[in-house]
Amino acid sequence: MHRLALIGFGNVGQGLAQILLDKASVLKAEQGFEAKIVAVATLRKGSLYHPDGLDLKALIAAAQTGNFNAYPDTAGLVRGLDPLATIRETNADVIAENTYTDFNTAEPALTHVRTALTLGKHVITANKGPVALAYREIEALAKHHNVYFGYEGTVMGGTPSLRLARLGLAGCTISGFRGIINGTTNFILTQMETGKGYADALAEAQHLGYAEADPTGDVEGYDALGKLIIVANTIMGLALKIKEVERVGITKISSGDIKQAQAEAKRWKLIAGVRKSADGQVQASVRPELIPLGDPLASVGGGINAITYDTDLLGSVTLIGAGAGPQATGFALLSDLLELDRRC
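Predicted model, so just to flag it, every value in this text is computed and none were measured.

Peer 1: Lay out the sheet that holds strand β7 (residues 149–150) with the relevant residues and their values.
Peer 2: If you walk across this open sheet you meet the seven strands as β4-β3-β2-β1-β5-β6-β7, and the pairing is mixed. The outermost strands of the open sheet, each flanked by one partner alone, are β4 (78–79) and β7. As paired strands, strand β5 (residues 94–97) and strand β6 (residues 122–125) are joined by four bridges and run parallel to one another. Looking across to β6, one finds that isoleucine 95 is bridged to valine 123.

Pasting the structure below:
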């Protein structure tokens, strides 16, 4: 029985909690897997800790009110621990770090991850910052303390893009990849193909929850860039840094560009790609590319993500699936938990 502490309880954490609530009996019967959430710590909603486990139905309901005041008081319940105290002072053996992503410092997530691993606690995360900025350090720390670090949810949500490469393509040499790894920009470009201008397509993305009120991270390519760094460094063994990668967003693509592409039987897509040549030279970029309709990535529309790995033994292998959303990313955390359970 794993005891989880969730640092951050937004869509990702709530998605995991809902999955554990809905599928507890199936997971136990089919996978022999059992877990309970013993603690949740957030900056805005408050925090809860009970060593015997929290009531998931009540936890999710309370979170949807905006804070944990509505969670019922019970004997042994502790309120008010901050994230670091939650990591240090609770009986959790797995820390799920899902606070906001910061590509400049990776904080506060990086401190949370370091603290948990140093204490001998396993860590799973969908937070891209620590993996993009400090992967090698984190992996070394996890290995030194003999604990597991899972980060499947950092790229393509629950679609197992990293696990496919690590496990499904084990034995292949991956010389490069290219992908649509930001659903917001893909949704906007797909909407523009229906005749909408960029501003209207962005407004629709914001209305549906694909884009934030400030969409800069998505539309200027920063989110895709962070994910590119993660794939390059964790799968290809590179040591790329964010400042080394060319980055161009989609804000300059006009309705005229879309129409011209359609006339040429092509599509604009924001493509994140890395290629390593035989002599060791690395080319990496995030930029809009005009691709023919016969390209596997051209058929990927809406908020869906896709990635194509270039391998020596299988040629090009393309994976397509959901790249965001509470259930999809919650599943990514579950997949890490199941891998942890099999290993330990």
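Peer 1: Run through the side chain of glutamate 339, naming residues and quoting values.
Peer 2: By secondary structure assignment, the location of glutamate 339 is in helix α12 (residues 326–343). Judged by its relative accessible area of 6%, glutamate 339 is buried. The contacts of glutamate 339, once residues within four sequence positions are left out, are Tyr148, Arg163 and Arg166.

Peer 1: Quick one: what's the story with helix α6 (residues 161–168), residue by residue and with numbers?
Peer 2: The set of residues buried in α6 consists of Ser161, Leu162, Arg163 and Ala165. Considering only its buried residues, α6 is in contact with β8 (174–180), α10 (222–235), β12 (304–311), β13 (315–322) and α12.

Peer 1: Give me the lowdown on the pairing of strand β2 (residues 35–41), citing residues and values where you can.
Peer 2: Among the seven residues in β2, five count as buried, and that is most of the element. Bridge analysis of strand β1 (residues 2–7) against β2 gives six bridges, and the strand direction is parallel. Looking at β2, one finds that leucine 6 is bridged to valine 40. Summarising the sheet, β2 and strand β3 (residues 47–49) pair through three bridges and their orientation is antiparallel. By the bridge assignment, alanine 41 is partnered in β3 with serine 47.

Peer 1: Break down the layout of surface pockets for me, citing the residues and quoting the values.
Peer 2: Here the second largest pocket is characterised by a volume of approximately 290 Å³. Lining the second largest pocket are 19 residues, and of these Glu139, Val147, Tyr148, Phe149 and Arg343 lie nearest its centre. Mapped by element, the contributors of at least two residues to the lining of the second largest pocket are α5 (128–144), β7, α6 and α12. Of the residues contributing to the lining of the second largest pocket, the split by class is eight nonpolar, three polar and eight charged.

Peer 1: Hey, could you go over the pattern of salt bridges for me, with residue numbers and the actual values?
Peer 2: A full pass over the atoms with the stated rule returns 15 salt bridges. A salt bridge links aspartate 336 to arginine 163, with the nearest nitrogen and oxygen atoms 2.7 Å apart. In this pair, aspartate 336 is assigned in helix α12 and arginine 163 in helix α6, connecting sequence segments 173 residues apart. Salt bridges sharing partners connect three or more residues here, namely Glu152, Arg163, Arg166, Asp336, Glu339 and Arg343.

Peer 1: Can you tell me about the nonpolar core, naming the residues and giving the values?
Peer 2: Nonpolar side chains in soluble globular proteins tend to end up buried together. If you look at the biggest cluster of nonpolar residues, it comprises 70 residues, and the most contacted ones within it are Phe177, Ile188, Leu228, Leu240, Val274 and Tyr309. Aside from chain neighbours lying at most four places away, what touches valine 274 is Ser175, Gly176, Phe177, Leu228, Ala232, Met236, Leu238, Leu240, Val282, Gln283 and Ala284. One finds Leu4, Leu56, Leu77 and Ala96 within the second-largest nonpolar core, a separate group that totals 32 residues.

Peer 1: So what about the environment of alanine 205? Which residues, and what values?
Peer 2: Along the chain, the position of alanine 205 falls in helix α8 (residues 198–207). Judged by its relative accessible area of 0%, alanine 205 is buried. Each C-alpha atom of the pair alanine 205 and glutamine 191 lies 9.0 Å from the other, and the pair is 14 residues apart in sequence. Ignoring anything within four residues of it in the chain, the contact list for alanine 205 reads Phe187, Ile188, Tyr210 and Ala211.

Peer 1: Let's hear about helix α1 (residues 11–31): which residues, and what values?
Peer 2: An ideal rise of 1.5 Å per residue puts 30 Å on 21 residues; α1 reaches only 25 Å between its terminal C-alpha atoms. Maximum bend of α1: about 70 degrees, positioned at lysine 23. Among the residues of α1, those classed as buried are Gly13, Gln14, Gly15, Leu16, Ala17, Ile19, Leu20 and Leu27. Immediately downstream of α1, the backbone of glycine 32 shows phi near 65 degrees, a positive value.

Peer 1: Which residues make up the pairing of strand β11 (residues 282–292), and what values do they have?
Peer 2: Two elements, strand β9 (residues 246–247) and β11, share two bridges in a ladder whose sense is parallel. Across the sheet, glutamate 246 pairs through a bridge with serine 285, a residue of β11. Between strand β10 (residues 266–276) and β11, which pair antiparallel one after the other, the connecting turn spans five residues, and glycine 280 there sits at a positive phi close to 90 degrees.

Peer 1: For the sheet that holds β9, give the residues involved together with the corresponding values.
Peer 2: Strand order across the open sheet formed by six strands is β9-β11-β10-β8-β12-β13, with mixed pairing between neighbours. Strands at the two margins of the open sheet, each flanked by one partner only, are β9 and β13. Where β10 meets β11, eleven bridges bridge the pair, whose relative direction is antiparallel. Looking at the pairing, alanine 272 lines up with valine 286 of β11.

What counts and how
- Residues numbered from 1 in each chain as written.
- Predicted model: local features only at pLDDT ≥ 70, side-chain atom pairs only at ≥ 80, totals over all residues.
- Heavy atoms only, no water.
- Pairing = 2+ DSSP bridges.
- Helix = DSSP H or I, 4+ residues; strand = E, 2+ residues; numbered from the N terminus.
- Buried < 20%, exposed > 50% of the residue type's maximum accessible area, 1.4 Å probe, protein only.
- Contact = heavy atoms within 4.5 Å.
- 1 Å grid on protein atoms, 1.4 Å probe; cavity = no way out; pocket = protein on both sides within 12 Å on 5 of 7 lines; lining within 4 Å.
- Points joined across faces, edges and corners; volume = space filled by probe spheres on them.
- Nonpolar A, V, L, I, M, F, W, Y, C, P; charged D, E, K, R; others polar.
- Salt bridge = Lys/Arg side-chain N within 4 Å of Asp/Glu carboxyl O.
- Core = buried A, V, L, I, M, F, W, Y, C linked by side-chain atoms within 4.5 Å.
- Expected span 1.5 Å × (residues − 1).
- Bend = angle between axes of the 7 residues up to and from the residue.

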